[in-house]
Amino acid sequence: MYENTVSGFKVDKRDTAKLYLKIEGDDIETEEEERANGVLKNIAFKLEIANTIHIYEYGKISKLNLEGLKKVKYRYYDNNSDVHDLGTFEISDAQKWKNGSKYKKTGWKKITSTDNDGSSINRYYEYDSGKIKLIKFKLPISYQKKDLKIKLNDNPSREYINPEAYACLIGAIADNDFPDLTLNGFTSADGTSAPSVTHYNGIAGDFRYLRKDKKVQTLHINTSPNDLDVVRQDKFIDALMKFGWGSFLSYDITLNGSSFRLEHTEHKPHHHHHLHLNKEDFKPNYK
Ligand SMILES: [Zn+2]
């Protein structure tokens, strides 16, 4: 069992523990000492072990020291002053990675995965020093209370994410009540991300494009650009930016003979069926 030590006493790790003080000293009159200790006896000094990341509707999250924590809780504050408890997650430690490659690299970790067409592929990840913290998504997410709706559909193999990135993602999803938002995955349990070579460490993730018909179904924006709900897609990107992501990868869209690109995105091959959230520009706004 994980234990903390407070003034020589072992305290089981839990949300709160109580600490009592007692005065002892030669210079204190016995009667005063008794009176003071009588008062102190009735005061419990709460020793709070913070374990919650608070998510605020206006785009901020609280900073939490995750060191030594086994679990993290999430609490969302909406703009009607309602508070929503959004679950408790086990925290796991994983290797930190420095880089990923599609090409064989000596000394890097090799992961064998399958490509879209089912063929076997190898990916390589360069070791970084230290560990990272990850939590596992509980998919699908379907939360509704008063005015708040949070829904996220399930399609992934890479179901692990950095605990702060999760707080930001939930904040961004809560900004809109899209019923069809679908995750394509963040990171694997060991912190790598095959078949992706960029999703390591739990910050970068993929989502399907949002369709006008709101079906939970893949959309290829190169071949079916008319089905893309540009208004909702822009709203989702704006919400992600509000909570800390800064740039995205997508694919140029040709509609009615003219070409355009979703806001804050760059064009990249293979991104015609998903929006990619870059890890490089991710920066949560702390309250
Ligand atoms: Zn991606």
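Residues numbered from 1 in each chain as written. Predicted model: local features only at pLDDT ≥ 70, side-chain atom pairs only at ≥ 80, totals over all residues.

Trainee: Hey, could you run me through the overall build of the protein chain in this one?
Mentor: When helices and strands are counted, the protein chain shows three helices and 21 strands. Burial statistics for the protein chain: of 287 residues in total, 29% are counted as buried. Of all intrachain contacts in the protein chain linking residues separated by at least 6 positions in sequence, the fraction that spans at least 24 positions is 61%. (Helix = DSSP H or I, 4+ residues; strand = E, 2+ residues; numbered from the N terminus. Buried ≥ 20, exposed ≤ 12 C-beta atoms within 10 Å, placed from the backbone. Contact = placed C-beta atoms within 7 Å.)

Trainee: Can you help me understand unusual backbone geometry in this one?
Mentor: Most peptide bonds take the trans form, and the phi angle of most residues other than glycine is negative. The omega angle of the peptide bond from Leu 139 to Pro 140 is -5°, so this bond is cis rather than trans. Looking at the secondary structure, you find Pro 140 in the loop between β11 (120-136) and β12 (141-145). A cis amide bond links Ala 194 with the next residue in sequence, Pro 195, at an omega value of 10°. Mapped onto the secondary structure, Pro 195 falls in the loop between β15 (183-185) and β16 (205-207).

Trainee: Mind showing me how you'd approach the sheet that holds strand β17 (residues 248-250) here?
Mentor: Backbone-to-backbone hydrogen bonds join strands into a sheet, with any given pair of strands oriented parallel or antiparallel. The mixed open sheet is built from five strands, whose spatial order is β15-β16-β21-β17-β20. Each of the sheet's edge strands pairs with one partner strand only, and the pair in question is β15 and β20 (265-267). Shown here is a sheet whose adjacent strand axes are inclined to one another by a mean of 30°, direction ignored. Pairing geometry for β17 and strand β21 (residues 275-277), over two bridges, is antiparallel. The residue of β21 that forms the bridge with Phe 248 is Leu 277. (Pairing = 2+ DSSP bridges. Axes fitted to C-alpha atoms, helices over the stretch in contact; angles between N-to-C directions.)

Trainee: Would you explain the nonpolar core in this entry?
Mentor: Residues Ile 161, Ala 167, Ile 170, Ile 173 and Leu 240 are the most contacted members of the largest nonpolar core, which totals 47 residues. The greatest single-element share of this core, amounting to nine residues, is contributed by helix α2 (residues 163-174). Apart from residues lying up to four places away in sequence, Ile 161 is in contact with Leu 134, Ile 135, Phe 137, Tyr 166, Phe 186, Thr 187, Gly 202 and Gly 205. (Core = buried A, V, L, I, M, F, W, Y, C linked by C-beta atoms within 7 Å.)

Trainee: Quick question: what am I supposed to make of the confidence of the model for the protein chain here?
Mentor: The predicted model of the protein chain averages 90 in pLDDT, with 89% of residues at 70 or higher. Segment residues 1-14: pLDDT under 50, and 15 contacts once partners within four positions in sequence are set aside and those in other chains are kept. (pLDDT = per-residue confidence, 0-100.)

Trainee: Would you mind showing me how to read the sheet that holds strand β8 (residues 83-90) here?
Mentor: Overall, mixed pairing links the four strands, which are arranged β6-β5-β7-β8 in an open sheet. Strands with a single pairing partner mark the edges of an open sheet, and in this sheet they are β6 (60-61) and β8. Sheet contacts for α2: β5 (52-56), β6, β7 (71-77) and β8; angle to β5, the most-contacted strand, approximately 30°.

Trainee: Is there a simple way to think about α2 in this case?
Mentor: Helix length check: α2, at 12 residues, gives a terminal C-alpha distance of 17 Å against a target of 16 Å (1.5 Å per residue), a fit within 8%. Burial within α2 is extensive, with 11 of its 12 residues counted as buried. Listing the buried residues of α2 in full gives Glu 164, Ala 165, Tyr 166, Ala 167, Cys 168, Leu 169, Ile 170, Gly 171, Ala 172, Ile 173 and Ala 174. (Expected span 1.5 Å × (residues − 1).)

Trainee: Looking at this structure, I do not really get helix α1 (residues 30-41). What am I missing?
Mentor: In an α-helix, one turn spans 3.6 residues; hence positions three or four apart end up facing the same way. Between the first and last C-alpha of α1 there are 16 Å, a value that for 12 residues agrees with the 16 Å anticipated at 1.5 Å per step. Of all 12 residues that make up α1, zero are buried, and the element is exposed over most of its length.

Trainee: Looking at this structure, how should I read the environment of Phe 243?
Mentor: Its place among the elements puts Phe 243 in the loop between α3 (230-242) and β17. Looking at Phe 243, the number of C-beta atoms within 10 Å reads 25, which means it is buried. For the pair formed by Phe 243 and Tyr 56, sequence separation is 187 residues and the distance between their alpha carbons is 9.5 Å. Residues within four places of Phe 243 in sequence aside, it is in contact with Gly 59, Cys 168, Gly 171 and Ala 172.

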